[in-house]
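Letter by letter, the chains look like this.
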Amino acid sequence: MASFIVYCYARFCKKAGTMKHGTIGFYPEERLGRLSFRRAPRPTERLIQAFLFFCAAVSILTTAGIIVVLGTESAGFFKEVSILEFFTGKEWQPSIGKFGIAPLFVATLTTSLTAMAVALPLGLAVAIYLAEYARPRVRETLKPVLEVLAGVPTVAYGYFALTVVTPFLRGLLGQENVEVYNTLSAGLVMGVLILPLISSMCEDALSSVPGSLREAAYAMGATKLETSVKIIVPAAFSGIAAAFILGLSRAVGETMIVALAAGAGPRLTLNPLRSAETMTGHIVRISGGDLSYDSMDYRSLFAIALVLFVSTLFLNILSRNIVKKYREVYE
Amino acid sequence: MTGTFNQNLSVRHVRGSRWQAAFALATILAVAFLATLVLTIVDDAFGWVIMMDETDRRELTRDGVTLDAQNTAQLLATIDEHLSPRRYRALERELPFADRGRDDLYALVLAEIVNPEIAETYNLFESLVSAQAIKAQAAEEYPEGLLVFRSWVNARFLLAPQSAVPLAAGIKTAILGTLMTILITLAFAFPIGIGAAIWLEEYARDSWLTRAIQVNIYNLAGVPSIIYGMLGLAVFVRGLEPITSGAIFGASAAGDTANGRTILSAGLTLAVLILPVIIINAQEALKAVPGSLRQSSLAVGATKWQTIRYHVLPASFDRILTGTVLAISRAIGETAPLVVIGASTFLTQDPTSIFSKFTTLPIQIYQWTSRPQAEFRHLAAAAIVVLLALMLSLNSFAIVARNKMRKQKRF
Amino acid sequence: MQHTPTTDRFEVALGSEESAYALETRNLNIYYGDSRAVNELSMGFDRRKVTAIIGPSGCGKSTALRSFNRMNELIASARTEGEVLFHGVNVYDPGVDPVQVRRWIGMVFQKPNPFSKSIHENIAWGARINGYTGDFDELVEDSLKRVALWDEVKDKLKESAYALSGGQQQRLCIARAVALKPEILLMDEPTSALDPISTAKIEDLLDELKKQYTIIIVTHNMQQAGRVSDRTAFMLLGDLVEYADTKELFFNPRDERTENYISGRFG
Ligand SMILES: Nc1ncnc2c1ncn2[C@@H]1O[C@H](COP(=O)(O)OP(=O)(O)OP(=O)(O)O)[C@@H](O)[C@H]1O
Ligand SMILES: [Mg+2]
């Protein structure tokens, strides 16, 4: 079969080849002959194009795969657990059939918001410094350094949270007040992880504010600080908001730091000094153990993943739309 | 109108410089975090350790020669004297003692007879700053103990498989796992990613389909990596188990215990994960190729593919390469999706094929970090050092290759 | 070779003089999105003559020129209506191969755009992909000699084309087009980026080349049009205002707008 296809293809190519130039001479004076301008079939070319299209279509397949996988497994889950219970239940105890996502969701919110509380002010300050104050030399050195910061594997951040930040917090606030695993430590370190993302997005936003606005402010006698903080930052507000939202999405999906430092056991608490398990942390812990494919445990992970997927997707789309808007405004 | 201006210039300037200082401080802080991160890891990867020997190595001095300077005959005598007969026979069966070299024998004596255990470990910083105090403490609390300076990253660490004994544990299996996984990832993600980018940039007309694919790629780039783990678990590990376990290729010997949780599944999962990043980077690279280059090629009667193959790709390859290396670096550091698809938590056997069970460096780091004992923390730090070194060398290789290509590009 | 009569509407009799013109446009309209850049252009280009197209900036000269070998298709928003006849074949017929069209109707661009390859390869590449079976070194030498570049580069054929000066690069691009022995050579302001000496060299070159090729050149420089061309077309706002022998058009313009333009009153 395969050899037959190869044979046909070879025939096809050969035919195409003979049509290319006919027997026309190369030089104008030798060129008395007829030549077809009919579109050559070029099967190789078409095959390549088909392959390239297939490559592009793989991304669609991926999305479809994610939706189908999360959808079907979650559907199995929601056959046994009502959606209402899932979203309103206050306890997540698969062993006794309690599947309320609140503890996991609240832990995710705690760590993510802690992270953003670190990353946004620091990232914005870094961005203002780099965009408005730093000399080009300094900027060109610092930007790659921050990129390196973003390139360190998250498991190393998790290590850092557990072995440095947690002991530090416990020393600072008292051993009895801070648990060995706590969401504060995870959140703080996650903030450092997200900081480069925020600072580079904010810097983009700040530097896309037209220079004329800056000049206008200076011309009115504003100081550099007033120009930056009162004119440029508000003008770049939507870009900064987009950075915040994208950072939040990153934080919600971040796994290794919380898996290592936040705790291993769902608990509904708002106290960042206590341990709690996030959605991602739970998925990693449960799937890391021995898990049978037809259990509720297994299916429940997909239900959590679906919540995770939908919320990050929503945040990502929101962020991108904001960026697109402000680009349109200034271009 | 009788308003006056109260400019308050000096106050405003003071405020200005204060805030400027604050902005600079924030930046310094950010860089300091990076420094702290790296320093902590280095700090934990080296330092004094106090080892307690099961048989004190000082007692093994023979003919006035200390253990580490003994020759083959002396070591053999030591083994004869101290090793239990049963263990002796077992080792003899593995490889006769007569055929073993000096270094092998020395290692044997250390592992089987001296059998050190770690009593206490110190960080590099402590080791350097308070060496005297440590020595005093060692002499006082562990009079039998041996205080040595240990680099947790060492040749043995790189070449030994995983072990429950911290001193013997190594990352060979994990390194092999990482390398094999990444090769699979590259083999799938690179051609498909570049192909998709070429289609989007060179072939696609502006249609709803093109826009849908483009938006979809941006969205995929933002999906949390753990979701890709779930996808890999359902599709590669479970759905395609006959393929990913190697069963249909008759690789059942390796596959019978791994099910679908193989290097192949891991590589494919990571490939899907970094595909959007590769595509987006490659698109940027292709966008940077000037249109005049395409025109000049088409104007001499080249077909579209010839134009891409001989002009557009060579002109953009350096950027494509850089983007791909960035994506691969990310894949090397990924942990969560591999945990989800079922990386082995304790694997001592090196992978033999793509259908073997797998563990990777980040998985190993994760395992060791989540253990409470200090020794494992040092091991984790050492493994992070190796991981970072791997990523760094990959990146510098890419930079060198790119610069070389840039030079050739002018040709 | 014998001329066998045929009914294939895609068949082109290269080298023959069956059709009156080397290239002919009929009711050519070109749009960018909704705006029309060329209106109802109908004109014929004489064989082995240099035809110049002049007109103020933005009047559609480049657009028209690019449409002759279907280079306009590379611009996503561009749309073409009407016919461009090459030996009786409408190059816009959906069955026609644009690759074939571009291979026989060569083009030189405003800015020199050599390939990022060696000088030798810049010339040989086009011939190679078009199945040239002769000696490539000979072809390279011959083409470079035709554009009077051979003496300047013969010792560095293996070096990058980017190492050449702008004028040399432009001549290399012409050599690249000439190497394919096209029937028609389209040139879009080929000397606008060059100094007077390089310009003079290229103008001499055109005189030489027109013995074998049909050349259509767009230029802003009216002295140049006067020097090199046999016929001149004047365009304004997408319309062909006047098309005549060059001397006729410059010394005896029929249309008032032409007269205004060549006497420098606008544009
Ligand atoms: N890529 C494009 N997209 C949209 N409009 C275009 C494009 N290229 C040209 N145009 C428009 O088409 C008209 C004709 O442009 P064209 O480039 O043909 O002018 P031209 O006569 O060559 O001018 P010049 O002498 O400046 O080169 C102009 O109004 C121009 O704005
Ligand atoms: Mg033009």
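Quick caveat: nothing in here was measured; it's all calculated off a predicted structure.

Some words on the packing of helix 13 (residues 263-287) of chain B against helix 15 (residues 304-333) of chain B
Residue and element names in this part refer to chain B.
- Where helix 13 meets helix 15, the closest approach of the two axes is 8 Å, and the angle between their N-to-C directions is 150°. Of the two elements, helix 13 crosses helix 15, and the hand of that crossing is right-handed. Between helix 13 and helix 15, the contacting residues are Leu270, Leu273, Ile274, Val277, Ile278, Asn281, Ala282, Ala285 and Leu286 on the first element and Val312, Leu313, Ser316, Arg319, Ile320, Gly323, Thr324, Ala327, Ile328, Arg330 and Ala331 on the second.
- Here the contact of helix 13 with helix 15 is composed, by residue class, of 14 nonpolar, 4 polar and 2 charged.

Thoughts on the site of ligand 1
Residues and elements named next belong to chain C.
- Surrounding ligand 1, one finds Tyr32, Ala37, Ser57, Gly58, Cys59, Gly60, Lys61, Ser62, Thr63, Ile75, Glu189 and His220.
- Between ligand 1 and the protein, one listed contact pairs a nitrogen atom with a side-chain N or O atom of Tyr32 at 3.5 Å.
- At 2.7 Å from an oxygen atom of ligand 1 is found a side-chain nitrogen or oxygen belonging to Lys61.
- Considering ligand 1 on its own, with 620 Å² of exposed area, one finds that the protein chains cover 61% of that surface.
- Classifying every residue of the shell around ligand 1 gives 4 nonpolar, 6 polar and 2 charged.

Focus on the sheet that holds strand 6 (residues 89-90) of chain C
Residues and elements named next belong to chain C.
- Here we have 4 strands laid out as an open sheet, ordered 3-2-5-6, and antiparallel in their pairing. Strand pairing shows two members of the sheet lacking a second neighbour, strand 3 (35-45) and strand 6, which therefore form its edges.
- Taken together, the 7 bridges between strand 2 (residues 23-32) and strand 3 define a ladder with antiparallel strand orientation. Paired with Tyr31 across the strands is Arg36, a residue of strand 3.

A short note on the domain arrangement of chain B
- For chain B, the domain assignment lists domain 1 (55-114) and domain 2 (172-408).
- Distance between the C-alpha centres of domain 1 of chain B and domain 2 of chain B: 47 Å.

Structural notes on the side chain of Thr369 of chain B
- With respect to the secondary-structure elements, Thr369 of chain B resides in helix 17 (residues 361-369).
- Setting aside residues up to four positions removed in sequence, Thr369 of chain B forms contacts with Tyr159, Leu162 and Leu260 of chain A together with Ala380 of chain B.

Some details on the packing of aromatic side chains
All names here are of chain B.
- Enumeration over the complete set of coordinates arrives at 24 aromatic pairs over all chains.
- An angle of 35° between the planes, with centres 6.1 Å apart, marks the rings of Phe157 and Trp368 as tilted. Of this pair, Phe157 sits in helix 7 (residues 155-159) while Trp368 is found in helix 17, placing the two residues 211 residues apart along the sequence.
- On the accessibility criterion, Phe157 (2% relative accessible area) is buried.

Notes on helix 15 of chain B
All names here are of chain B.
- In this model helix 15 runs just 38 Å from its N-terminal to its C-terminal C-alpha over 30 residues, more than 12% under the 44 Å that 1.5 Å per residue would give.
- At Phe317, helix 15 shows its largest kink, close to 55°.
- Most of helix 15 is tucked away, with 21 of its 30 residues classed as buried.

Some words on unusual backbone geometry
- Positive phi values are uncommon outside glycine, yet Asp63 of chain B reaches one of about 50°.
- Within the secondary structure, Asp63 of chain B is located in the loop between strand 1 (46-52) and helix 2 (72-82).
- According to the relative accessible area criterion, Asp63 of chain B is exposed, its value standing at 64%.
- You will see that Arg48 of chain C, though not glycine, has its phi angle at about 50°, which is positive.

Here we look at the pattern of salt bridges
- Tallying each qualifying case throughout the model produces 38 salt bridges over all chains.
- The shortest N-O distance in the salt bridge between Glu80 of chain A and Arg299 of chain A comes to 4.0 Å. Here Arg299 of chain A lies in helix 13 (residues 296-330) and Glu80 of chain A lies in helix 2 (residues 43-80), a separation of 219 residues in the sequence.
- On the basis of relative accessibility, which here comes to 56%, the residue Glu80 of chain A falls in the exposed class.
- With a shortest N-O distance of 3.9 Å, Arg26 of chain C and Glu83 of chain C are connected by a salt bridge. Taken together, the residues span a long stretch of sequence, with Arg26 of chain C in strand 2 and Glu83 of chain C in strand 5 (residues 78-86) at a distance of 57 residues.
- Judged by its relative accessible area of 37%, Arg26 of chain C falls in the partly exposed class.
- Counted as one network, the salt bridges with shared partners bring together Glu179, Arg267 and Arg274 of chain A.

What about a nonpolar patch on the surface?
Residues and elements named next belong to chain B.
- A grouping of Leu240, Ile243, Ile248 and Phe249 is seen on the molecular surface, where their side chains present a nonpolar patch of about 380 Å² in accessible area.
- Secondary-structure assignment places Phe249 in the loop between helix 11 (241-244) and helix 12 (252-258).
- Exposure remark for Phe249: the relative accessible area of 53% places this residue in the exposed category.

Let's talk about the nonpolar core
- Residues Ile66, Tyr157 and Ile283 of chain A together with Ile227 and Trp368 of chain B are the most contacted members of the largest nonpolar core, which totals 189 residues.
- The biggest single contributor to this core is helix 13 of chain B, with 16 residues.
- Formed by 46 residues, the second largest nonpolar core is a distinct cluster that contains Ala52, Val108, Ala127 and Leu206 of chain C.

Calculation rules
- The written sequence of each chain sets the order in which its residues are numbered from 1.
- Key to labels: chains lettered from A, ligands numbered from 1, both in the order written.
- With the structure being a predicted model, the display of local features is reserved for residues of pLDDT at least 70 and the display and counting of side-chain atom pairs for 80 or more, all residues being used for whole-chain, interface and lining totals.
- Side-chain numbers here rest on the full set of heavy atoms in the structure, without hydrogens or water.
- Throughout, an axis means a line fitted to C-alpha atoms (over the contacting stretch in the case of helices), and angles, computed between N-to-C directions, take values from 0 to 180 degrees.
- Counting from the N terminus, the helices are the DSSP runs of H or I reaching at least four residues and the strands are the DSSP runs of E reaching at least two.
- Left-handed describes a crossing in which the near helix is turned anticlockwise from the far one by less than a right angle; the clockwise case is right-handed.
- Whether two residues touch is decided by their heavy atoms; if any such pair falls within 4.5 Å, the residues are in contact.
- Polar here means any residue other than Ala, Val, Leu, Ile, Met, Phe, Trp, Tyr, Cys and Pro, which are nonpolar, and Asp, Glu, Lys and Arg, which are charged; Gly is therefore polar.
- Here, proximity means that at least one heavy atom of the residue falls within 4 Å of the molecule or strand.
- Polar contact is the term for a pair of N or O atoms within 3.5 Å; when the atoms are in protein, one must be able to donate a hydrogen and the other to accept it, and sequence-neighboring residues count only if both atoms are side-chain atoms.
- All accessible-area figures derive from a Shrake-Rupley calculation using a 1.4 Å probe, and residue coverage is judged against the displayed protein chains alone.
- For two strands to pair, DSSP has to find at least two bridges joining them.
- Per the annotation, domain bounds derive from an automatic or database assignment of domains.
- Any pair of Phe, Tyr and Trp rings, taking the six-membered ring for Trp, is counted once the centres come within 6.5 Å. Such a pair is stacked with planes under 30 degrees apart, edge-to-face with planes over 60 apart, and tilted for the rest.
- Here the term buried applies to any residue with accessible area under 20% of the maximum for its type, exposed to any over 50%, and partly exposed to those in between, with areas from a 1.4 Å probe on protein chains only.
- Each residue after the first adds 1.5 Å to the expected span of a helix.
- One fitted axis covers the seven residues ending at a residue, a second covers the seven starting there, and the bend at that residue is the angle between these axes.
- When a carboxyl oxygen of Asp or Glu is within 4 Å of a side-chain nitrogen of Lys or Arg, the pair counts as a salt bridge.
- Residues qualify for a patch when their relative accessible area is over 30% and they have no salt bridge, like charges being joined within 9 Å and the nonpolar side chains of Val, Leu, Ile, Met, Phe, Trp and Tyr within 5 Å.
- Put simply, buried Ala, Val, Leu, Ile, Met, Phe, Trp, Tyr and Cys residues joined by side-chain atoms within 4.5 Å make one nonpolar core.

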